[in-house]
Every structure is written in C-alpha cells, then in structure tokens.
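Here's the letter readout for the chains.
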Amino acid sequence: MTSSIIQQPPLRLITVKSRTFPDGIRAAWQEIESKRAMKGRKSYGLICRTESGMEYFAGLVSDGELEERMTGLPVMEVAGGPCARIKLENWRSKLDQIGGLFAQMAEEHEVDPSRPAMEFYRGFAELHLLLPVKG
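Computed from a predicted structure; not experimentally measured.

Conventions used here
- Residues numbered from 1 in each chain as written.
- Predicted model: local features only at pLDDT ≥ 70, side-chain atom pairs only at ≥ 80, totals over all residues.
- Heavy atoms only, no water.
- Pairing = 2+ DSSP bridges.
- Helix = DSSP H or I, 4+ residues; strand = E, 2+ residues; numbered from the N terminus.
- Axes fitted to C-alpha atoms, helices over the stretch in contact; angles between N-to-C directions.
- Contact = heavy atoms within 4.5 Å.
- 1 Å grid on protein atoms, 1.4 Å probe; cavity = no way out; pocket = protein on both sides within 12 Å on 5 of 7 lines; lining within 4 Å.
- Points joined across faces, edges and corners; volume = space filled by probe spheres on them.
- Nonpolar A, V, L, I, M, F, W, Y, C, P; charged D, E, K, R; others polar.
- pLDDT = per-residue confidence, 0-100.
- Polar contact = N/O pair within 3.5 Å; in protein donor to acceptor, adjacent residues only side chain to side chain.
- Phe/Tyr/Trp six-rings, centres within 6.5 Å; stacked < 30°, edge-to-face > 60°.
- Buried < 20%, exposed > 50% of the residue type's maximum accessible area, 1.4 Å probe, protein only.

Quick word on the sheet that holds strand 8 (residues 126-132)
Read from one edge to the other, the open sheet built from eight strands follows the order 1-6-8-7-3-4-2-5, with strand pairing classed as antiparallel. Edge positions in the open sheet fall to strand 1 (4-8) and strand 5 (75-78), since each of these has one partner strand only. Strand-to-strand twist in this sheet, taken as the mean axis angle between neighbours without regard to direction, amounts to 35 degrees. Of the pairings in the sheet, the one linking strand 3 (residues 43-50) to strand 7 (residues 117-121) comprises five bridges and is antiparallel in character. For Leu46, the partnering residue across the bridge sits in strand 7 and is Met118. Its contacts with the sheet put helix 1 (residues 25-35) on strand 2 (11-17), strand 3, strand 4 (53-61) and strand 7, and the angle it makes with strand 4 is roughly 25 degrees. Where helix 3 (residues 98-108) meets the sheet, it contacts strand 3, strand 6 (81-89), strand 7 and strand 8, and its direction lies at approximately 40 degrees from that of strand 8.

Next up, the structure:
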C-alpha cells in the first residue's frame, strides 16, 4: 500500500492505557466506552515507544473540560504535524497487517519520534494509520 503525507491537527484526548500491548487493546476501548458514548465521536489509538517497550492508549477526542472531569480519565495532548498515512479498509479483517504497514511507512519516511504513531478510527469500515514524520 502507498502512503501519503497529511497535516495532522493537534489533539486533546481522553485516554485509557492498555494494560498490555497488543493483547489489552480491546479492554482499553471497552473501558472508555463504559464512560462515554462513542458513536459519532472521533477516536484514536496511540502507540507510544517507551524505554520498557510499546504502550497503547485508547483515546477519544475531548468535548471539553467538563467531560474530562466527568470521566476522571487521563487527558493526553498530542502535537500536530506531518504524518504519513495509509487508509486501511475493512480493517477488522486485517489486524495482522497493521504492524507491517507501520514498519513500511517507517522505511519510506523519516520518523518524528517525539509524537506517537496513531490509528484514527473512521468507523468500522476504515482505519487511518498515521506515522509522525519530520517536516
């Protein structure tokens, strides 16, 4: 698949950290869904590289300070900037391809390690894989 470069806006997300990666991703999303309705909301998965390995955060774009206080969940701010993007259609049947597609983009572009890789969920049919790159 071919990647394109987009300009990703900054994000403010209500988050739940996955207890394990990748096995704990579903549980992190279930925890967010137990606090807030997801339908019609922009949601992102954040993949962060740390000294201890990879960490995953399920994230919902915040509606504001009141919602953030009501959920009691951590808020993360992600800087905007250029990202390589691959659109993955029917992504639920292609979960095994996600890691390889991020690796492909990392080979093609100079990665910006100061920002996390992201999955932007455009519903059940389309997933955008976003890899921060240097501009």
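Notes on the layout of surface pockets
Quantified by volume, the largest pocket comes out at close to 1300 Å³. Ile25, Trp29, Tyr56, Glu119 and Tyr121 are, among the 42 residues lining the largest pocket, the residues nearest its centre. Only helix 1, strand 3, strand 4, helix 3, strand 7 and strand 8 provide two or more residues apiece to the lining of the largest pocket. Of the residues in the lining of the largest pocket, the class split is 24 nonpolar, six polar and 12 charged. Its volume calculated, the second largest pocket comes out at about 160 Å³. When contributions to the lining of the second largest pocket are tallied by element, the ones reaching two or more residues are strand 1, strand 2 and strand 8. Of the residues belonging to the lining of the second largest pocket, the class tally is eight nonpolar, two polar and four charged.

A short note on the confidence of the model for the chain
Across the chain, the average pLDDT comes to 94, with 100% of residues at or above 70. Within the chain, no element has a lower average pLDDT than helix 2 (residues 65-71), which sits at 93, and none a higher one than strand 1, at 98.

Examining the environment of Arg85
You can see Arg85 is positioned in strand 6. For the pair Arg85 and Val111, spaced 26 residues apart in sequence, the C-alpha separation works out to 12 Å. Residues within four places of Arg85 in sequence aside, it is in contact with Thr2, Ser3, Ser4, Ile6, Met105, His128, Leu129 and Leu130.

Topic: the side chain of Thr71
Summarising the element assignment, Thr71 is placed in helix 2. Within the local environment of Thr71, its side chain forms a polar contact with the backbone nitrogen of Leu73, the two atoms lying 3.2 Å apart.

Digging into the packing of aromatic side chains
Counted under the stated rule, the structure contains four aromatic pairs. Judged by centre distance (5.3 Å) and plane angle (80 degrees), the ring pair of Trp29 and Tyr121 falls under edge-to-face. One end of the pair, Trp29, is in helix 1; the other, Tyr121, is in strand 7, with 92 residues separating them in the sequence. The same class applies to Trp29 as to Tyr121, namely buried. The class of Tyr121 is buried, set by a relative accessible area of 15%.

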